[in-house]
Amino acid sequence: VVFEKEKHAFDCVNYSTVMNQLGKQALAGQTQHITQHPQFISFLDSLADIIVERGFGWIGVRQTANVIHAMAKMGVCNGGAKRILDWISNEENAQQFIARAENTQEVANVAWALATLGTPAPLFFAKLDAGSDWFVKNANPQEVAKVAWAFAKLDTPAPVFLAKLDAESD
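Conventions used here
Residues numbered from 1 in each chain as written. Predicted model: local features only at pLDDT ≥ 70, side-chain atom pairs only at ≥ 80, totals over all residues. Heavy atoms only, no water. Helix = DSSP H or I, 4+ residues; strand = E, 2+ residues; numbered from the N terminus. Rg over C-alpha atoms; globule rule 2.2 N^0.38 Å. Contact = heavy atoms within 4.5 Å. Areas by Shrake-Rupley, 256 points an atom, 1.4 Å probe, with all protein chains shown as cover. Lys, Arg positive; Asp, Glu negative; His and termini not counted. Charge placed at Lys NZ, Arg CZ, Asp CG, Glu CD. Phe/Tyr/Trp six-rings, centres within 6.5 Å; stacked < 30°, edge-to-face > 60°. Buried < 20%, exposed > 50% of the residue type's maximum accessible area, 1.4 Å probe, protein only. 1 Å grid on protein atoms, 1.4 Å probe; cavity = no way out; pocket = protein on both sides within 12 Å on 5 of 7 lines; lining within 4 Å. Points joined across faces, edges and corners; volume = space filled by probe spheres on them. Nonpolar A, V, L, I, M, F, W, Y, C, P; charged D, E, K, R; others polar. Core = buried A, V, L, I, M, F, W, Y, C linked by side-chain atoms within 4.5 Å. Axes fitted to C-alpha atoms, helices over the stretch in contact; angles between N-to-C directions. Left-handed = near helix turned anticlockwise from the far one by under 90°.

1. Comments concerning the overall build of the protein chain
When helices and strands are counted, the protein chain shows eleven helices and zero strands. Starting at the N terminus, the α and β elements of the protein chain follow one another as α-α-α-α-α-α-α-α-α-α-α. Taken against the 2.2 N^0.38 rule, which gives 15 Å for 170 residues, the C-alpha radius of gyration of the protein chain at 16 Å falls within 12% of a compact globule. A principal-axis box enclosing the C-alpha atoms of the protein chain has dimensions of 55 × 35 × 25 Å. Across the protein chain, every contact between residues at least 6 apart in sequence was considered, and the portion connecting residues at least 24 apart equals 74%. Counting every atom, the protein chain has about 8600 Å² of accessible surface; 51% of that belongs to carbon and sulfur. Where the 14 positive side-chain charges of the protein chain centre and where its 18 negative ones centre are 5 Å apart.

As structure tokens, then:
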């Protein structure tokens, strides 16, 4: 109800915060019916419209990661969520996300979310593989494991990523 009255004032942080909070509730088993609620669907459709229209100039890397990670925690992969996943899977957007990421957790969370939702995103993972040098050198073991799992779960080739892992393990 608040969103319908105030959506004109929502910015990327407001959207990201709502999604993050819903994602936390999903882990506690409290969002089973929310994801099918018409107000949630309207909220997610509105968010998808804005992301697709305005891109990274509006949402940024951190908020993108938070939104996509929350979608995976809630198990949402239809309608607006699908449009957001298609958007991050686009070659240009995937490149921008990987290039602009300052935090390896953001990258790991999106990779995990895509794999969890069964979204192949070959262009996203190709950009991630190409940028593996930075990621492997800066990520903690849990983040590396999330990304390795995502590549494996989606049966996506990761020659650069695996070579960097091998080199770092020596």
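2. A short note on the packing of aromatic side chains
Tallying each qualifying case throughout the model produces twelve aromatic pairs. Ring geometry for Phe10 versus Tyr15: centroids 5.4 Å apart, planes at 75°, classification edge-to-face. Note on Phe10: relative accessible area 19%, which makes it buried. We classify Tyr15 as buried; its relative accessible area is 0%. When the ring of Phe125 is compared with that of Phe151, the centres are 5.3 Å apart and the planes differ by 65°; the resulting orientation is edge-to-face. Taken together, the residues Phe125 in helix α8 (residues 122-130) and Phe151 in helix α10 (residues 141-153) connect sequence positions 26 residues apart. For the residue pair Phe125 and Phe151, the accessibility class agrees, reading buried in each case.

3. Quick notes on the layout of surface pockets
Here the second largest pocket defines a volume of roughly 160 Å³. Looking at the second largest pocket, the residues that line it are Asn20, Lys24, Arg62, Ala65, Asn66, His69, Lys73, Asn103, Gln105, Glu106 and Asn109. Secondary structure elements with two or more residues in the lining of the second largest pocket: α2 (12-27), α4 (56-74) and α7 (104-116). Counting residues per element, the lining of the second largest pocket draws most heavily on α4, at five residues. When its residues are assigned to classes, the lining of the second largest pocket shows one nonpolar, six polar and four charged.

4. Structural notes on the nonpolar core
Side chains of a nonpolar character, in soluble globular proteins, are inclined to be buried together. Core analysis: the biggest nonpolar cluster contains 56 residues, and Met19, Met71, Phe97, Phe124 and Phe125 have the highest contact counts within it. Looking at this core element by element, the count peaks at eleven residues for α4. The contacts of Met19, once residues within four sequence positions are left out, are Phe40, Phe43, Leu44, Leu47, Val67, Ala70, Met71 and Met74.

5. A look at the packing of helix α3 (residues 38-54) against α4
Two elements in contact, α3 and α4, have axes whose closest approach is 11 Å; the angle formed by their N-to-C orientations is 145°. Like other packed secondary-structure pairs, α3 and α4 cross with a definite hand, here left-handed. Counting all contacts with α3, which are made through Phe40, Leu44, Leu47, Ile50, Ile51 and Arg54, the residues of α4 involved are Phe56, Gly57, Trp58, Ile59, Val67, Met71 and Met74. Classifying every residue of the contact of α3 with α4 by side-chain character gives eleven nonpolar, one polar and one charged.

6. Overview of the side chain of Lys146
Considering the arrangement of structural elements, one finds Lys146 in helix α10. For Lys146, the contacting residues outside a window of four places in its chain are His69, Ala108, Asn109 and Trp112.

7. Observations regarding the packing of α4 against helix α6 (residues 91-100)
It is at 10 Å that the axes of α4 and α6 come closest, and there the two elements cross at 65°. Crossing angle aside, the handedness with which α4 passes α6 is right-handed. Here Phe56, Gly57, Val61, Thr64 and Ala65 of α4 come into contact with α6, specifically with Asn93, Gln96, Phe97 and Arg100. Class assignment of the residues belonging to the contact of α4 with α6 gives a composition of four nonpolar, four polar and one charged.

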